[in-house]
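# Structural features, examined
Here is what each chain is made of, one letter per residue.
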Amino acid sequence: MTPHSIIRVAALGLALVAAPLSATARQQDGSFQGTSLLGQPMYTSPARNANVAAVETLQRAAREAKAAYDAGMTVDNATWYGRVLFYQGYTKESAAVYDAALKRFPNSGKLLRHRAHRAFSLREFDKSIELGLKAAKLYEGQPLEREKPGPDYFPGDPDVVQYYLYYHLGQAYFAKHDFANAAKWFGKSAEAAAFTHDLDARTANSYWEYLSHARGGNLREANAVLDSYDLTLFEVHPKGGSDTYFDGLQLYKGHRAADSFFSDKDTGRAFATADGVAASTAYSLANYYILRGEPEKAKPWLKRSINVDSWSFFARIQAEADWLLLFPNEKP
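Quick look at the structure, then. Owing to the predicted nature of the structure, the values given are computational and were not obtained by experimental measurement. (Residues numbered from 1 in each chain as written. Predicted model: local features only at pLDDT ≥ 70, side-chain atom pairs only at ≥ 80, totals over all residues. Heavy atoms only, no water.)

Let us look at the overall build of the protein. Broken down by element type, the protein carries 16 helices and four strands. Each of the 332 residues in the protein was classed as buried or not, and the buried ones make up 55%. (Helix = DSSP H or I, 4+ residues; strand = E, 2+ residues; numbered from the N terminus. Buried < 20%, exposed > 50% of the residue type's maximum accessible area, 1.4 Å probe, protein only.)

Listed below in structure tokens is the structure:
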């Protein structure tokens, strides 16, 4: 994965942004970020680097972003400062920056969309939806807006604001198991991605739009999403690489067997056990069994998705929500 793609993948929900600390480190210098849906405390280490850039580059960006923000808050420098904090795993602190900026710029769609994302990461789904809907209202009838992640020395391609705004709204509704609204907003993010011919975004969006329809019982719409996704992995990643959302779509299309994931046999198919990949792949398998009406077979995969070191993966958040739905009296 190239440096330019890592930031984009973080926004789609696959990049690590926070790791747990030992009990001693938590007491001494860990930043308490909140509590998971299952009651687990979420911490971030001050030394945490989210792998979006070299450590020195990230530290330089953080220093300069804070200096610019402190010198005179604007929508742009507040947006960037909040992003850098988020890349370091400081979700709560990033949210505080956006709260302060929104007091001065209450109708900034960019600030609102980032604040909504932070609320989602902190498991505040209703707040995420409230803020996201306000931002969506501001963008009605507006052309697509691109947001450059940061200074020229920092890796990353410009984001399409509306795409991620709608995508994160879909995530928040999905976590509440409001699958009709989730499908609606993933559909709108798909429309935004179509204008940019972004195949990464189309892949991630197709995955979640399919699951929204399928989990909501709208099988005709779900199958239409699958049928319309006709990309090859080479088209999505022409320079090579894997894609957990692509793999999930192939599983749901019947082009890949469930037992080809996490296998110690040489199946000829790529797989990996890194936390981010494991959480997302395990969540795909959990949904495979949920949709087949076999929740007990989904259980170990939900557990695997939940029991990863990092707490901000979209897959882990959704797995926590599904665990509460399916096994409310059990602990993973």
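Alright, that's what it looks like, and here's the rest.
It is worth spelling out the nonpolar core at this point. Counting residues in each nonpolar core, the largest one holds 87 residues, and the members touching the most others are Tyr163, Tyr167, Tyr207, Trp208, Tyr210, Leu211 and Tyr283. For this core, the leading source of residues is helix α8 (residues 161-175), giving eleven residues. Ignoring any residue separated from it by four or fewer positions in sequence, one finds tyrosine 210 in contact with Ala222, Val225, Leu226, Tyr252 and Leu291. (Core = buried A, V, L, I, M, F, W, Y, C linked by side-chain atoms within 4.5 Å. Contact = heavy atoms within 4.5 Å.)

On to the side chain of asparagine 287. Relative to the assigned elements, asparagine 287 resides in helix α14 (residues 275-291). Since its relative accessible area comes to 0%, asparagine 287 is described here as buried. Excluding anything up to four places from it in sequence, asparagine 287 contacts Leu211, Arg215 and Tyr252.

Considering the arrangement of structural elements, one finds serine 212 in helix α10 (residues 199-215). Within the structure, the side chain of serine 212 is placed 2.8 Å from the backbone oxygen of tryptophan 208, a separation counted as a polar contact. Sequence-distant contacts of serine 212, defined by excluding residues within four places in its chain, comprise Phe174, Phe179, Ala182, Ala183 and Phe186. (Polar contact = N/O pair within 3.5 Å; in protein donor to acceptor, adjacent residues only side chain to side chain.)

Another aspect to go through is helix α3 (residues 55-71). Along its 17 residues, α3 runs 24 Å from first to last C-alpha, staying within 8% of the 24 Å computed at 1.5 Å per residue. Regarding α3, the residues found buried are Leu58, Ala61, Ala62, Ala65 and Tyr69. Axial view of α3: buried residues confined to an arc of 100 degrees, hence all on one face. Exposed residues pointing more than 90 degrees away from the buried face of α3 are listed as Glu56, Arg63 and Ala71. Tucked into the core, α3 has its buried residues touching α4 (75-87) and α5 (91-104). (Expected span 1.5 Å × (residues − 1). Arc of directions from axis to C-beta.)

Further remarks concern the packing of α4 against helix α6 (residues 109-121). The geometry of α4 relative to α6 is characterised by a closest axis approach of 10 Å and an angle of 20 degrees between their N-to-C directions. When the axes of α4 and α6 are compared, the pair comes out roughly parallel. Between α4 and α6 the crossing geometry is left-handed. Contacts between α4 and α6 involve Val75, Asp76, Ala78, Thr79, Gly82, Arg83 and Phe86 from the former and Lys110, Leu111, Arg113, His114, His117, Arg118 and Ser121 from the latter. Of the residues belonging to the contact of α4 with α6, the class tally is four nonpolar, five polar and five charged. (Axes fitted to C-alpha atoms, helices over the stretch in contact; angles between N-to-C directions. Parallel < 35°, antiparallel > 145°, perpendicular 65-115°, else oblique. Left-handed = near helix turned anticlockwise from the far one by under 90°. Nonpolar A, V, L, I, M, F, W, Y, C, P; charged D, E, K, R; others polar.)

Now for the packing of aromatic side chains. Applying the stated criterion across every chain, the model contains 25 aromatic pairs. Its guanidinium or amino end placed over the ring of phenylalanine 86, arginine 118 lies 3.9 Å from that ring's centre, counting from NZ or CZ. Seen from the ring of phenylalanine 327, lysine 299 lies directly overhead, with NZ or CZ sitting 4.6 Å from the centre. (Phe/Tyr/Trp six-rings, centres within 6.5 Å; stacked < 30°, edge-to-face > 60°. Lys NZ or Arg CZ within 6 Å of the ring centre and 35° of its normal.)

So, about the pairing of strand β2 (residues 41-44). As judged from the four bridges shared by strand β1 (residues 31-35) and β2, these two strands associate in the antiparallel manner. Looking across to β2, one finds that phenylalanine 32 is bridged to tyrosine 43. Connecting β1 to the antiparallel partner β2 that follows it, the hairpin turn spans five residues, and glycine 39 within it adopts a positive phi of roughly 85 degrees. (Pairing = 2+ DSSP bridges.)

The contact between α6 and helix α7 (residues 125-139) brings their axes to 8 Å, and the two run at 160 degrees. With respect to each other, α6 and α7 are oriented roughly antiparallel. In the packing of α6 onto α7, the handedness of the crossing is left-handed. From α6, Gly109, Lys110, Leu112, Arg113, Arg115, Ala116, Ala119 and Phe120 reach across to α7, where they touch Phe125, Lys127, Ser128, Leu131, Gly132, Lys134, Ala135, Leu138 and Tyr139. Residues belonging to the contact of α6 with α7 are distributed by class as follows: nine nonpolar, three polar and five charged.

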